[in-house]
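As a plain string of letters, each chain reads:
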Amino acid sequence: MTDDVLLVHGGTPIEGEIRVRGAKNLVPKAMVAALLGSGPSRLRNVPDIRDVRVVRGLLQLHGVTVRSGDEPGELILDPSHVESANVADIDAHAGSSRIPILFCGPLLHRLGHAFIPGLGGCDIGGRPVDFHFDVLRKFGATIDKREDGQYLEAPQRLRGCKIRLPYPSVGSTEQVLLTAVLAEGVTELSNAAVEPEIEDLICVLQKMGAIISLDTDRTIRITGVDRLGGYTHRALPDRLEAASWASAALATKGSVYVKGAQQREMMTFLNVYRKVGGAFEIDDAGIRFWHPGGPLNAIALETDVHPGFQTDWQQPLVVALTQASGLSIVHETVYESRLGFTSALNQMGAHIQVYRECLGGTPCRFGQRNFLHSAVISGPTTLQGADLVIPDLRGGFSYLIAALAAQGTSHVHGIGLINRGYENFVNKLEDLGAKVERA
């Protein structure tokens, strides 16, 4: 597709103001939660991204009425007439997203059955879905695996259970929450993910009538209720997108005011940003990020689950670290293939060496499994424009940052993938003075 290529003429600092809306990692899940309600829900601050459109289509296939509200970015979701959907239609809508697996619990409660096709998503490493099905079996679901996907049934009301996650996975935690709220009895989930987006989903479910407690030891307890209503909720802003624009400001020696960005959810990122040499200023409406001049500092960095440094922050920041003086070390502990994007940066002139060893002390999901998951970045280096093919969502935005910081013109292919999580990003680039054009 010709409109899937962006020409980026680099070498110009980006400067100006953009806005981030609701978090990609919350909004689609809050939309799924509306399935559990007996009445309509109202969700505000919804971004116009592809994951939202996928979930909207899947909800409509299942009889949920979805319409825009009075204010921009507002959706009203009415699940009064939930029904079974055609398997082929589900497959056509779901191919590009992993979110359909979260429909399982709500559909089992509403219909007694569900169908989940093969799942898509970014190719950044293994995100096995087997655990989702293991969890659903613990609640009492039966699962029949066929060629076209998984068929699930709940012969009786789902029952609460005790679950311990081997790793604090966000997706698995969401699955348990969306299933346990209407299950009979108490569900205890230990070693749960506690990301801000998880807390916001818990807020949504509590507004609907759920009983959920979150302890300081990563234990979530859910007391099932017989009925849930609708909700009215404003989604928390996207801290991952905000950090991407912050890294773009740093890499291009620019200045970006990110309206909607909030300090509390970004404290770990802000500390690292300051250590690298970036500057920021916080007010009630957002955060301004800028390069204050002078050399940037090399750092040692390890990704981790919240409240650690988020894996989605890593790739954009790595581009900025190519401009830092000295050797930076990055240990990716969450997704084994997330450093694959660095080979393209090397083609642009970066000096990045990747290693199979754990270059750090943070517990790692795959340290002995022969994955290239640590990187040493030597800088500063001058980047040159290149032909780039986007590998995944965050890596794709990182390529844009590299192209903006580079000398000359880059052809960035596959920019449609960035639409999964970045609303109107081409328009935002133009608003910041970037020299870009669609091929």
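Before reading further, recall that the structure is shown in the block above.
Student: Give a detailed account of unusual backbone geometry, specifying residues and quantitative values.
Tutor: The omega torsion across His306 and Pro307 is 15°, close enough to zero to call that bond cis. Positionally, Pro307 belongs in the loop between strand 18 (300–302) and helix 10 (311–321). In the segment running from Gly379 into Pro380, the intervening peptide bond is cis, with an omega of 0°. Within the secondary structure layout, Pro380 lies in the loop between strand 21 (374–379) and strand 22 (387–389). Positive phi, close to 70°, is recorded for Asn45, a residue that is not glycine. Exposure remark for Asn45: the relative accessible area of 15% places this residue in the buried category. Its identity is not glycine, yet Asn191 carries a phi of approximately 60°, on the positive side. Tracing the chain through its elements places Asn191 in the loop between strand 10 (186–190) and helix 7 (196–208).

Student: How would you summarise the sheet that holds strand 10 if you had to cite specific residues and measurements?
Tutor: If you walk across this open sheet you meet the 4 strands as 9-10-12-11, and the pairing is mixed. Bordering the open sheet on either side are strand 9 (162–164) and strand 11 (211–214), each of which pairs with just one other strand. Across this sheet, the average inter-strand angle for adjacent strands is 10°, counted without regard to direction. Two elements, strand 11 and strand 12 (residues 220–223), share 4 bridges in a ladder whose sense is antiparallel. Within strand 12, the residue paired with Ile212 across the bridge is Ile222. Seen against the sheet, helix 6 (residues 170–180) touches strand 9, strand 10, strand 11 and strand 12 and runs at an angle of roughly 20° to strand 12.

Student: Lay out the sheet that holds strand 8 (residues 149–153) in plain terms, naming residues and giving numbers.
Tutor: Spatial ordering of the open sheet is given by 6-8-7, a layout of 3 strands whose pairing is antiparallel. Edge strands, defined here as strands with exactly one partner in the open sheet, are strand 6 (113–116) and strand 7 (142–146). Taken pair by pair, the neighbouring strands of this sheet meet at an average axis angle of 15°, ignoring direction. Note: strand 6 against strand 8, 4 bridges, orientation antiparallel. Bridge assignment links Ala114 to a residue of strand 8, and that residue is Leu152. Sheet contacts for helix 4 (residues 104–111): strand 6 and strand 8; angle to strand 6, the most-contacted strand, approximately 150°.

Student: Kindly report on empty space enclosed by the protein, identifying the contributing residues and their values.
Tutor: In this approach the atoms are scanned with a rolling probe the size of a water molecule, which exposes any empty space left behind. Using the criterion set out here, one finds 2 cavities of 30 Å³ or more in the structure. The space that makes up the largest cavity amounts to roughly 40 Å³. Val20, Pro237, Asp238, Arg239, Ala242, Gly260, Ala261, Gln262, Glu265 and Met266 are the residues that line the largest cavity. A per-class count over the lining of the largest cavity returns 5 nonpolar, 2 polar and 3 charged. Around the second largest cavity sit Leu58, His62, Ile90, Pro100, Phe103, Leu107, Phe115 and Ile116, which together line it.

Student: Lay out the nonpolar core with the relevant residues and their values.
Tutor: Ranked by size, the top nonpolar core spans 73 residues in total, and within it Leu77 and Leu205 carry the most contacts. In this structure, Leu77 is in contact with Met31, Ala34, Gly39, Pro40, Ser41, Leu43, Leu59, Val64, Thr65, Val66 and Tyr231, ignoring residues within four places of it in sequence. Ranked by size, the runner-up nonpolar core spans 71 residues in total, among them Leu6, Phe289, Leu383 and Ile390.

Parameters at a glance
- Residues numbered from 1 in each chain as written.
- Predicted model: local features only at pLDDT ≥ 70, side-chain atom pairs only at ≥ 80, totals over all residues.
- Heavy atoms only, no water.
- Helix = DSSP H or I, 4+ residues; strand = E, 2+ residues; numbered from the N terminus.
- Buried < 20%, exposed > 50% of the residue type's maximum accessible area, 1.4 Å probe, protein only.
- Pairing = 2+ DSSP bridges.
- Axes fitted to C-alpha atoms, helices over the stretch in contact; angles between N-to-C directions.
- Contact = heavy atoms within 4.5 Å.
- 1 Å grid on protein atoms, 1.4 Å probe; cavity = no way out; pocket = protein on both sides within 12 Å on 5 of 7 lines; lining within 4 Å.
- Points joined across faces, edges and corners; volume = space filled by probe spheres on them.
- Nonpolar A, V, L, I, M, F, W, Y, C, P; charged D, E, K, R; others polar.
- Core = buried A, V, L, I, M, F, W, Y, C linked by side-chain atoms within 4.5 Å.

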